[in-house]
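Topology and contacts: notes
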Amino acid sequence: MKDDTDMTTRIILRWDIQPGVESEYFEFMVSDFIPSLKRLGIVDPGVWYTAYGAAEQILISGTTETRDHMQYVLRSNDWARLKERLEELVSNFSQKIIPAKGGFQI
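Below or above, wherever it landed, is the structure these notes cover. The structure displayed is predicted, hence computed values, not measured ones. (Residues numbered from 1 in each chain as written. Predicted model: local features only at pLDDT ≥ 70, side-chain atom pairs only at ≥ 80, totals over all residues. Heavy atoms only, no water.)

1. Overview of the overall build of the protein chain
- When its secondary structure is counted, the protein chain shows three helices and four strands.
- Secondary structure elements of the protein chain, listed N to C terminal, follow the sequence β-α-β-β-α-α-β.
- On C-alpha atoms alone, the protein chain measures out to a radius of gyration of 14 Å, which is about the 13 Å that the 2.2 N^0.38 rule sets for 106 residues.
- Dimensions of the protein chain along its principal axes, counting C-alpha atoms only, are 50 × 30 × 20 Å.
- The 106 residues of the protein chain split such that 36% are buried.
- Here the analysis covers contacts within the protein chain between residues at least 6 apart in sequence; of these, 72% occur between residues at least 24 apart.
- Accessible surface, the protein chain: about 6,500 Å² in total, of which carbon and sulfur atoms supply 51%.
- Charge-centre separation for the protein chain: the mean point of 12 positive side chains lies 5 Å from the mean point of 16 negative side chains. (Helix = DSSP H or I, 4+ residues; strand = E, 2+ residues; numbered from the N terminus. Rg over C-alpha atoms; globule rule 2.2 N^0.38 Å. Buried < 20%, exposed > 50% of the residue type's maximum accessible area, 1.4 Å probe, protein only. Contact = heavy atoms within 4.5 Å. Areas by Shrake-Rupley, 256 points an atom, 1.4 Å probe, with all protein chains shown as cover. Lys, Arg positive; Asp, Glu negative; His and termini not counted. Charge placed at Lys NZ, Arg CZ, Asp CG, Glu CD.)

2. As for the pattern of salt bridges
- Summed over the entire model, instances satisfying the criterion amount to four salt bridges.
- Among the ionic pairs, Arg85 bridges to Glu24, the shortest N-O distance being 2.4 Å. Residue Arg85 is located in helix H3 (residues 77–89), and its partner Glu24 is located in helix H1 (residues 22–39); the two are separated by 61 residues in the primary sequence.
- According to the relative accessible area criterion, Arg85 is partly exposed, its value standing at 24%.
- With relative accessibility at 40%, the residue Glu24 sits in the partly exposed group. (Salt bridge = Lys/Arg side-chain N within 4 Å of Asp/Glu carboxyl O.)

3. Notes on the environment of Tyr72
- Of note, Tyr72 is situated in helix H2 (residues 67–75).
- Residue Tyr72 is classed as exposed on the basis of its relative accessible area, which comes to 53%.
- Remark: the alpha-carbon pair of Tyr72 and Pro99, spanning 27 residues in sequence, is separated by 16 Å.

4. Focus: the packing of H1 against H3
- Put simply, H1 and H3 touch, their axes get as near as 11 Å, and they point 160° apart. By the angle between their axes, H1 is roughly antiparallel relative to H3. As H1 packs across H3, the resulting crossing turns out to be left-handed. In this structure, H1 uses Glu24, Tyr25, Phe28, Met29, Asp32, Phe33, Ser36 and Leu37 to contact H3, whose residues at the interface are Trp79, Arg81, Leu82, Arg85, Leu86 and Leu89.
- Taken together, the residues of the contact of H1 with H3 break down into nine nonpolar, one polar and four charged. (Axes fitted to C-alpha atoms, helices over the stretch in contact; angles between N-to-C directions. Parallel < 35°, antiparallel > 145°, perpendicular 65-115°, else oblique. Left-handed = near helix turned anticlockwise from the far one by under 90°. Nonpolar A, V, L, I, M, F, W, Y, C, P; charged D, E, K, R; others polar.)

5. Brief notes about the sheet that holds strand S2 (residues 43–49)
- In spatial order, the strands read S2-S3-S1-S4; together these four strands make up an open sheet with antiparallel pairing. Each of the sheet's edge strands pairs with one partner strand only, and the pair in question is S2 and strand S4 (90–99). Across the sheet, the axes of successive neighbouring strands diverge by a mean angle of 15°, strand direction being ignored.
- Relative to strand S3 (residues 58–64), S2 is paired through five bridges, and the arrangement is antiparallel. Across the sheet, the residue bridging to Trp48 is Leu59, located in S3.
- Seen against the sheet, H3 touches strand S1 (9–17) and S4 and runs at an angle of roughly 140° to S4. (Pairing = 2+ DSSP bridges.)

Note that all results are geometric; they support no functional claim without further evidence.
Listed below in structure tokens is the structure:
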């Protein structure tokens, strides 16, 4: 049986885009944020946009092979830089780390 550190781990990020910075936000996402997630070892990043309802506008999810690798990513200077820049462009930011299971998880 695998222990928690050997399990595929999912990060779930949610937020709203601040009004007036939409162009800057989308440029950051395409040119820096998503490519950086991949470089850090977060694989299969998925991005969802909420068009209707009482939820955050954006949900991003990705996985790492192990919980230890996810913890390594979240302690890295690269993650700190990405998160700091993201938080300049968004509100209602939240982050959750869970064991990855098949299908859509929230």
